[in-house]
Amino acid sequence: MKNPVIAVALSGGVDSLVSGYLLKLKYKHVFGVHFTTGYEKKPVDLTLLEKQMGFPVTDIDLSKEFEKKVIQYFVQTYLEGKTPNPCIICNKEIKFGELLRHAQNMGAHFLATGHYATIVNPISFPDKKISRCYLEKGSDPLKDQSYFLSMLSGKQLEKIIFPLAGMTKEEVKRFARSKHLEPIHLSESQDICFIHDNNFPRFVLQKQEIAPNHGNIIDHDGKIVGRHKGLHKFTIGQRRGIDCPAKEPYYVKQVDVKNNVLRVCFKKDLGRKKFKVGQINWNFSDPKTIPEIITKIRYSHKGAVSTLTLNGSCGEVVFNEPQSAITPGQTAVFYKDARVLGAGIIQ
């Protein structure tokens, strides 16, 4: 495409500002989009954004879509005794779902963001006579965001640009200073951007307008060791808030919603070698068993060597060594070197 039209998502942070600046240097037709969720602490001054970028910026209200696709998912997942990952859902459904559609309706061929990840475009599959984009890690290992983008489809990746793919955070900051770009938001964006006081349990109860349901806490041997004040307060691997004295600290082993029971254990008992995964988003070849891949079970997890056996949109992961706190509701992401092979939801 000779002269593509590029929309760049602008939050007001340094990453999006540098992305916009770089795009302006490379492409003739660039405009900005800023979306709101209804959970912002204060509105962004679009005039300041336009002044720094030198191109128009349009505000897009996605509050209804955000409430339906992210907030409802977040609350319902907690009430099911699982641990949600709203950033992954927001990327798939809001940023590169609703926002991308809005940008396309405004004439854009591509949507760019300030994520630290790499899109390789395209890879060919001669036997299937198709080609598709795939995702790789960003250049900065400390800021790589491929985990949070792992549920994006190949069709979504075809319409996305990540201008910061080859840069580190420090390089982005230096570039911003050299071009006198001033972030409107000085603080880094957070995973749970819609809960400002970090009180997840209270947020869940307020959204559902329900009272906490107290129940028993049961240890590894089946003994009642205390009472919990609502399962929505807990996630697997959690230590804080159990408040049951023992010879060593208890950790959450299972959130049993059916019986309203919190099952706990000692740290040494948290490890598991295998788990089921569902809702798989796959962007690789189609063998049923894929050995010697790296699986990450949460963003902060370093990843571990495993074998994945696929069965349609479901599968089973077996680690070479037990991993601690494998948590239903979280996303498992599968890597081969820097490449993201796919991802799925831990069952």
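Look above for the structure.
The structure reproduced in this document is the subject of the present report. Everything numeric here is computed off the predicted structure, so don't read it as measured data.

Now for the sheet that holds strand β1 (residues 5-9). Taking strand neighbours across the sheet as the criterion, the five strands line up as β3-β2-β1-β4-β7 in an open arrangement whose pairing is parallel. Each end of this open sheet is capped by a strand with a single partner; those strands are β3 (57-61) and β7 (160-161). Two elements, β1 and strand β2 (residues 29-36), share five bridges in a ladder whose sense is parallel. Bridged to A9 within β2 is V33. The strands touched by helix α1 (residues 14-26) within the sheet are β1, β2, β4 (110-112) and β7, with β1 carrying the most contacts at an inclination of about 165°. In this fold helix α2 (residues 46-53) packs onto β2 and β3, with an angle of close to 145° to the strand it touches most, β3.

Let's shift gears to the packing of helix α3 (residues 63-79) against helix α4 (residues 86-105). Running from N to C, α3 and α4 point in directions that differ by 165°, and their axes come no closer than 10 Å. Put simply, α3 runs roughly antiparallel to α4. Where α3 crosses over α4, the handedness of that crossing is right-handed. Contacts between α3 and α4 involve E65, F66, K69, V70, Y73 and F74 from the first element and P86, I89, C90, E93, I94, E98 and R101 from the second.

As a further point, take empty space enclosed by the protein. A water-sized probe, rolled over the atoms, reveals where empty space remains. In this structure the tally under the stated criterion is one cavity of 30 Å³ or more. If you add up the space inside the largest cavity, you get close to 60 Å³. In this structure, the largest cavity is lined by Y134, L135, L149, S150, L152, L157, N281, N283, V340, L341 and G342. Every element with two or more residues in the lining of the largest cavity is listed here: β6 (130-137) and β17 (339-346). In terms of residues, the lining of the largest cavity owes the most to one element, β17, which gives three residues. Split by residue class, the lining of the largest cavity holds seven nonpolar, four polar and no charged.

Rules used throughout
Residues numbered from 1 in each chain as written. Predicted model: local features only at pLDDT ≥ 70, side-chain atom pairs only at ≥ 80, totals over all residues. Heavy atoms only, no water. Pairing = 2+ DSSP bridges. Helix = DSSP H or I, 4+ residues; strand = E, 2+ residues; numbered from the N terminus. Contact = heavy atoms within 4.5 Å. Axes fitted to C-alpha atoms, helices over the stretch in contact; angles between N-to-C directions. Parallel < 35°, antiparallel > 145°, perpendicular 65-115°, else oblique. Left-handed = near helix turned anticlockwise from the far one by under 90°. 1 Å grid on protein atoms, 1.4 Å probe; cavity = no way out; pocket = protein on both sides within 12 Å on 5 of 7 lines; lining within 4 Å. Points joined across faces, edges and corners; volume = space filled by probe spheres on them. Nonpolar A, V, L, I, M, F, W, Y, C, P; charged D, E, K, R; others polar.

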